[in-house]
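# Summary of the model geometry
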Amino acid sequence: NSNEQEPRPRPLMKQLEVIPAGCQPWNRHIIAAGGTRFAYSSSIAIYVYKLDQANKFVLDKIIAGHNSTITSLSWCPKNPLYLASACVKNRLLRWNVVTESEVSVDTDCVPLCVDWCPWDESLVGFASDKGGIYVWNTATMKVAQLRDNLNSPVTTMRWSPFVHWRVAVGLPDGMVVVSEGNLENPKAARIRHFKPPAELSGSTHPGVAEIIWHPSRTNTGHILVAHKSGHFVLYDVESETQLHSFDQQQGAVTAIRWLPGEVASGNFVSADNRSGILRLWNVSQRSPVDHVRVSNRSGFHNFIFINNSQRILCAFRDGGIGVYDWRRRDWEFFHKMAHIETIFDCRFKPDASDVLATASFDGTVKLWDTTKMEPLDSLEGHDGVVYSVSWAPGADKHQLLSCNSKGVVFLWDTEKTQLINKFANHKDAIYRVTWNQLDPTLFATCSKDGHCVVCQLPEGTIVRRYKVGKAAFGCDWCSNNKNWVATGCQDGIVRVYDISRKGDTPLFALKGHKARVFNVVWSKLTPELLASGSDDQTIRVWNVPASKCICELSGHTDNVRALAWNPEIPHFLLSGSWDGTIRLWDIRKGKQVKVLYDHHADVYGIDFNEHRPFIFASSSRDTTLRIWTMDEYVSELKVQAVVGVPWAQLLRAPTEISSEQMRFCGVHSKRVGELLKSAQTESERARIMFGFFSALDGTKELWDLAVRLETSQRSDPSNRIYLVKDLMQIYQDKVAHLEAKQMGIGAKRPEDRLLESATLRLQMGQPRECCEILVKLDNWSLALAIAPAVGLQYWNDLCARHAEYLISKDQQRADMFYAAAGRYGELQAFYVERNMMEQAQLTSIVASHRPVTPSLLSTSASTSSPSLLLPLDRLDSSAAVATDKHTLEQAPPPVTLGTPQTQPPPSSHQSQPFTVTPQIRTVSELRAYRHLQDASPVLSACCFLAVNDPQRAVQKLLQGCEFELALALARVSKINAADHVYEAVALRCERLELWDLAVGVLKKMKNPVHKLSLLCCRYSYLFPAKAPDFFEMASIRTAVAYNELALVAEKANDTIEAARCLLLSGDSKKAVLIGVKKLKDMILRGDWDMSVINPLLEVLASANLAEIDQGEVKELLCISFYVAAYNALWLGFYELVPHLVNCIKRNMPPTLQLDLAPIILQYEVVLLRTGATTGFEDEDEEEKCAAKIKEIVQSLPAGQFAEAAAAYQKFYAAATGHEKKDPLMVEPCHRYIPMGSRLPSHRVFSSGSSLTGKPIRGSSLAVDENKRVSMAEGVMWTRVTPFPPFGLQHFCPY
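Criteria and cut-off values
Residues numbered from 1 in each chain as written. Predicted model: local features only at pLDDT ≥ 70, side-chain atom pairs only at ≥ 80, totals over all residues. Heavy atoms only, no water. Axes fitted to C-alpha atoms, helices over the stretch in contact; angles between N-to-C directions. Helix = DSSP H or I, 4+ residues; strand = E, 2+ residues; numbered from the N terminus. Parallel < 35°, antiparallel > 145°, perpendicular 65-115°, else oblique. Left-handed = near helix turned anticlockwise from the far one by under 90°. Contact = heavy atoms within 4.5 Å. Nonpolar A, V, L, I, M, F, W, Y, C, P; charged D, E, K, R; others polar. Pairing = 2+ DSSP bridges. Core = buried A, V, L, I, M, F, W, Y, C linked by side-chain atoms within 4.5 Å. Buried < 20%, exposed > 50% of the residue type's maximum accessible area, 1.4 Å probe, protein only. Phe/Tyr/Trp six-rings, centres within 6.5 Å; stacked < 30°, edge-to-face > 60°. Lys NZ or Arg CZ within 6 Å of the ring centre and 35° of its normal.

### Describing the packing of helix α26 (residues 1068-1084) against helix α28 (residues 1110-1131)
Contact pair α26 / α28: the axes reach a minimum separation of 10 Å and the direction vectors enclose 45 degrees. Considering their axes alone, α26 and α28 lie oblique with respect to each other. For the pair α26 and α28, the sense of crossing is left-handed. Residues Lys 1069, Val 1072, Leu 1073, Val 1076, Leu 1079, Lys 1080 and Ile 1083 of α26 form the contact with α28, whose own contacting residues are Glu 1112, Glu 1115, Leu 1116, Ile 1119, Tyr 1122 and Val 1123. Classifying every residue of the contact of α26 with α28 gives nine nonpolar, no polar and four charged.

Structure representation (structure tokens):
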């Protein structure tokens, strides 16, 4: 093959995190729940959460099929796959929440309220803005009117759950209308009207907020109506009477719901828009019987119960959304305030790499912690749309500028969340504000009023006002000239002004765009370059001093909005557009490098993190904020840095923009070089480098732990994971901080701090100290409940202390605690004092004849119960049963506020060296597993570093496909099994076509010759002309030398070596011929020698299959996939099995007969057993599963089950080296879960993976032009077979 192949898959740009929008506050019916999912909507997107295997709600889908504000959601009660939504553009959609497929219908009115008919999954009811009631039949796609217009918008609509076609609607005037009819004869419907109660006369908010039908069949005609004024009324529809009314509540009522499980008792729950309080009512009482405060930040917008449980889906007016467990009185899930409308801009804080500011149509600026993906604060009071933000340079980097749609600029102190000043220097909307990074006293704005204004702080004095035409949209300061400011204008001209010169004439007027220019951005690395984005769908890069366009970038299909230069690689430029895409450009070639389709609508904001220059944020009209990494585009430099190439060799001057060699050019890479010079240890060097390359969740903790292990320093208490040996002291410090006096703004109340301290002390194995704090807080009941963990004598004493406390408070229940403590003398005196002589007499009798209970009455010695949670250094069997005399005889003084006890109580175990017990290791493994399931492989690795197990930590990084990070940790930790890590990194280099670097990485292995030779084989058929030089670089002999070696190996019956040598000699045909013959002999006679099979398949996969006879190729692929199917079952990669079996069936030639029965049988059993353990809700299903397996076995021809079991047992024995008792047992799973693989599925690849059909989450890999798989699936595939899943081209997903 003399022609070089087409380029292989390019680097990935991975999405790391997505911050969902908040819940919109305009329309109330925008939350819904069905099955194990719930949904809510922002302005145009629907967010679907699902309960995962860990019983935790995770974001499953982002559905964006509406182009206007969503008005209502409703989940189908009969089929949890279906969700209905409506919008103000007269449109209804029905979604399948698994496949994201949709059907839609346009209506003649705005559907304000949607409610699925409870008796038919194909019927969706909705009420219009004109008061009409309609039914959409999703099967026939027809809409029919059930009720004539009421000439008033409907505020709420609810079908009766039991009486078909009975529906109740609420109106803004407080009227409730109940209609009962059918579609065949809607005019014959029976109509009942319920006027608002007399108490609402004169009310300014009489409208109906909610209607709920009684959910029991005994009261099918009862409806409970809530009015916005705070009034509740219970009606009987049948008799048309009012049954009961309730006390008016303060604040506008937003929702009422019957309490599941307590409906028979007449209990219901309400919420209002003023407070975060849920109130419990009973129909027999006018006032609430209980209330629960669930939020201190905001009032309720709406709430519903999920799936008839006591889990409450809560939506708040500030956009917050959460799931509250009514029984446990605690949050299961909570997403704090977020933007609820288009996010126009996002900017990283210059001096804090993890802080991001965003500007939104909702009128707020929000500050985010991008490590936790949580909001830090909200800057409110803009009184209009906020279009742009800009951070201050220099010493005042905590200051921020923002601008609004009314022509005002706001100056904020973000540390104090205070407005410093505001400047009204425009007459219309300001689209961009930018702070001069070279002169912190200057900022520029551009406005719809046609002016670009330069102002001076602190007073906002106007320095220059430039008239640019009809409107100015974008402006930016030059990075090396403090006087140059560029503007993008309505007339398509880019104007550059020099503010040191007088007059309105621009220094440069750059013409070329055919429509308005919306954004302009100067390059920081090559300051003469300016990028401009236009509504002509192009980007132009200008050499400003030369007044020349050096390249025009075309590819967007709609208006260009966002622009951002990479701060380290001068030829990389990012853009965002109304077409919903983000595109990466290489301006050297004027070409598009990568397209990201993840946003669902216009992309307005993009910004790079200057401290981590390959991390960027994006914002969109879909109301999401997303964090990305493009570090694969500098993998060459990252791998070189990891394997020890001097940092200085990775740098160059930014002026060499045309250079093909990838090098760092920015300020921060130079600073990293200086820090590396002063680093004392390898782990410190790695921490500095990866702090620059990556912001993966947990990277900081990983290298902090590595440094602490190497230097024996104490863990950083600000981390999420610590060395376990430091955990006790860190908690002691937390306790000391909580129990010390705290002053100032934002300090917690003393009682809140002490309660938190009590919880921590109990967790630390200090129940006595916990009890004493609870006593100080007057929480005697909880203290008495915990006291037995200290010892029965302590509990006895505490009962007596509580009795004395009750007497001091003149409470009558002190006698119970005297009696419980056995203090009969004090109890008798108590009764005598109160003239309760009969009780006193009884007490004297009991005291005289009571049985002696040494464990209660002895004060000289007592055996205490073990602590509920022992300290980590005492988690062993001996400590759990030891007698702790200290808890009885040497009680510490009660804890008092301001005098914390900072040291743990004395212990005989304290002087012993810390050891990691099996119990500690088990907990660490569990934490690691949970983090990996959450797609946080770095945090998973941290859990093993915390117990000084770097080997397992590296394994978790490999499972997360973080190969460079795994290599760095393996080198720092000097673990023995680093060769497989080098191999993984080399394969990634191969995928990125970094062939020379792949050779360098493989040479670091202990025995690299085999892997190097296979790499050379793959290179030689891709680039035959360059093969000799590549062989020489890899220290591999010439092709001629391998002819003789192949003959020697064949004579020695060493098929693996013979095939390798034949490939290196260029004879792929013979290599495949002898390899297939060997494999057929082994497989067909059942000789599962995996030490031969797997290495031989690996060698043959490096052959150029395009030049091999297709019959032999089919035999080779079928054998490989046959072995792979067994491997997949063994490793737990079950989703790969169907594709492997189908490939075998399609390609198996007559010359090869493989028995698929063992594989198919094992796979069916796996499906049944995994379903029985994870998917079934009742225990009887386990027995049903066993019966089904028995049925399958009995349906097989005689002897086939035994043959299938025997075949699988042979494979298992070969794979593990020992016999297996149950040949059909489900094996443990070693899954690959890359960072980002738990993100919502990809909107472009909604049809799913070409390999498994499952939705693709996170990064996807192109197998060929039309087929894509997820990164996790790709890596799992190569674990079971080295051959590609489609076609013949070598497949490398690393």
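### What about the sheet that holds strand β33 (residues 374-379)?
Within a beta sheet, neighbouring strands are joined by backbone hydrogen bonds and run either parallel or antiparallel to one another. Taken in spatial order, the four strands line up as β30-β31-β32-β33 in an open sheet, and their pairing is antiparallel. Edge positions in the sheet fall to β30 (343-349) and β33, since each has one partner strand and no second. Between one strand and the next, the sheet's axes are offset by a mean angle of 25 degrees, whatever the strand orientation. Across five bridges, strand β31 (residues 352-360) lies against strand β32 (residues 365-369) in antiparallel orientation. Bridging across to β32, Val 355 finds its partner in Asp 369.

### Things to note about the nonpolar core
One finds Leu 702 and Trp 703 to be the most contacted residues of the largest nonpolar core, which totals 157 residues. Top contributing element to this core by residue count: α28, with 15 residues. Core analysis: the second largest hydrophobic core is formed by 34 residues, Tyr 47, Phe 57, Trp 95 and Leu 1239 among them.

### Notes on the pairing of strand β42 (residues 472-477)
Burial analysis of β42 places six of its six residues in the buried class, the great majority of the element. In terms of strand pairing, β42 meets strand β43 (residues 484-489) through five bridges, oriented antiparallel. Pairing of Trp 477 across the sheet is with Val 485, part of β43. Counting the residues between successive antiparallel strands, the hairpin from β42 to β43 contains six residues.

### A closer look at the side chain of Thr 487
Tracing the sequence through the fold places Thr 487 in strand β43. Taking the relative accessible area as the measure of exposure, Thr 487 reaches 0% and is therefore buried. In contact with Thr 487, other than residues within four places in its own chain, are Cys 452, Val 468, Gly 474, Cys 475, Ile 493, Val 494, Arg 495, Tyr 497 and Val 520.

### A short note on unusual backbone geometry
Comment: phi is negative for the bulk of residues other than glycine, and the bulk of peptide bonds are trans. A cis amide bond links Leu 457 with the next residue in sequence, Pro 458, at an omega value of 15 degrees. By secondary structure assignment, the location of Pro 458 is in the loop between β40 (451-456) and β41 (461-467). With phi around 65 degrees, Met 141 is a residue other than glycine that occupies positive phi space. Position of Met 141 among the secondary structure elements: in the loop between β12 (133-137) and β13 (142-147). At Gln 537, a position not held by glycine, the phi torsion is positive, near 75 degrees. Summarising the element assignment, Gln 537 is placed in the loop between β47 (529-534) and β48 (538-543).

### Observations concerning the packing of aromatic side chains
On inspection of all chains with the given rule, the structure shows 60 aromatic pairs. Pairing Phe 38 with Phe 333 gives two aromatic rings, centres 5.8 Å apart and planes at 55 degrees, and the pair type is tilted. Pair noted here: Phe 38 is in strand β3 (residues 37-41) and Phe 333 is in strand β29 (residues 330-335), with a separation of 295 residues, a long-range link. No difference in accessibility class separates Phe 38 from Phe 333, as the two residues are buried. Ring-pair connections join several aromatic residues into one group, and the members of that group are Phe 300, Phe 303, Phe 305, Phe 316, Tyr 324, Trp 331 and Phe 334. When the ring centre of Tyr 82 is taken as reference, the NZ or CZ atom of Arg 94 above it lies at 4.1 Å. The ring of Phe 303 has Arg 257 sitting right over it, with the charged end atom 6.0 Å from the ring centre.

### Section: the sheet that holds strand β22 (residues 253-258)
Spatial ordering of the open sheet is given by β22-β23-β24-β25, a layout of four strands whose pairing is antiparallel. Since the sheet does not close on itself, it has two edges, and those belong to β22 and β25 (290-295), each with one partner. Going across the sheet, the axis of each strand differs from the next one's by a mean of 25 degrees, ignoring polarity. Examined bridge by bridge, strand β23 (residues 267-272) and strand β24 (residues 276-282) share five bridges and lie antiparallel to one another. Each bridged residue has a counterpart across the sheet, and for Asn 267 the counterpart in β24 is Asn 282.

Worth remembering: the numbers are spatial, not functional.
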